[in-house]
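# Notes for the structure review
Each chain is listed here by its residues.
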Amino acid sequence: MEDIAVLEKEIEKQKEVIKELQKKKQNLEIEEHTLVQQLSAPGGLGLKGNLVDKEGFPLDNVGLVLETRSARHRLACIGTDQKETMKEIEEQLYRLHALSKKLKEFSPSKTSSSAK
């Protein structure tokens, strides 16, 4: 009986871990969307536009160039963070399903008891 209680506690902890990771993923998506809108706004330099003129010199508006470089860098970091978070969610889901499967092995099946 203790094993079942321990497994149930572990499953609840696992669910909380997954919820936190999903919140993190959602926050990253919101930040990404905000940065894309900022970079795509009129007067912005865009997601992939050049930061130099035709002669290879930096654009005149140094503040905008620095802001654009910073936003693009943050977008790249968010992409990496999203991949890592998704991988972590996947691993945690596998772990949750393994714990649930273990719990089913310990606890009596409700379908077989109701069929009798």
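Above: the structure in question.
So, here is what we can say about the structure in this document.

What follows deals with the overall build of the protein. What the protein contains, in helices and strands, is three helices and zero strands. Going from N to C terminus, the protein has its helices and strands arranged as α-α-α. Seen through its principal axes, the protein has C-alpha atoms that stretch 85 × 25 × 15 Å. Looking at the protein residue by residue over its 116 residues, the buried ones come to 22%. A fraction of 71% describes how many contacts in the protein between residues 6 or more apart in sequence connect residues 24 or more apart. Charge centroids of the protein, computed over 20 positive and 20 negative side chains, lie 6 Å from each other.

Attention shifts here to the side chain of Gln82. Looking at the element boundaries, Gln82 is found in helix H2 (residues 62-106). A distance of 3.4 Å separates a polar atom in the side chain of Gln82 from a polar atom in the side chain of Glu32. Sequence-distant contacts of Gln82, defined by excluding residues within four places in its chain, comprise Leu28, Glu29 and Glu32.

Each value, and the rule that gives it
Residues numbered from 1 in each chain as written. Predicted model: local features only at pLDDT ≥ 70, side-chain atom pairs only at ≥ 80, totals over all residues. Heavy atoms only, no water. Helix = DSSP H or I, 4+ residues; strand = E, 2+ residues; numbered from the N terminus. Buried < 20%, exposed > 50% of the residue type's maximum accessible area, 1.4 Å probe, protein only. Contact = heavy atoms within 4.5 Å. Lys, Arg positive; Asp, Glu negative; His and termini not counted. Charge placed at Lys NZ, Arg CZ, Asp CG, Glu CD. Polar contact = N/O pair within 3.5 Å; in protein donor to acceptor, adjacent residues only side chain to side chain.

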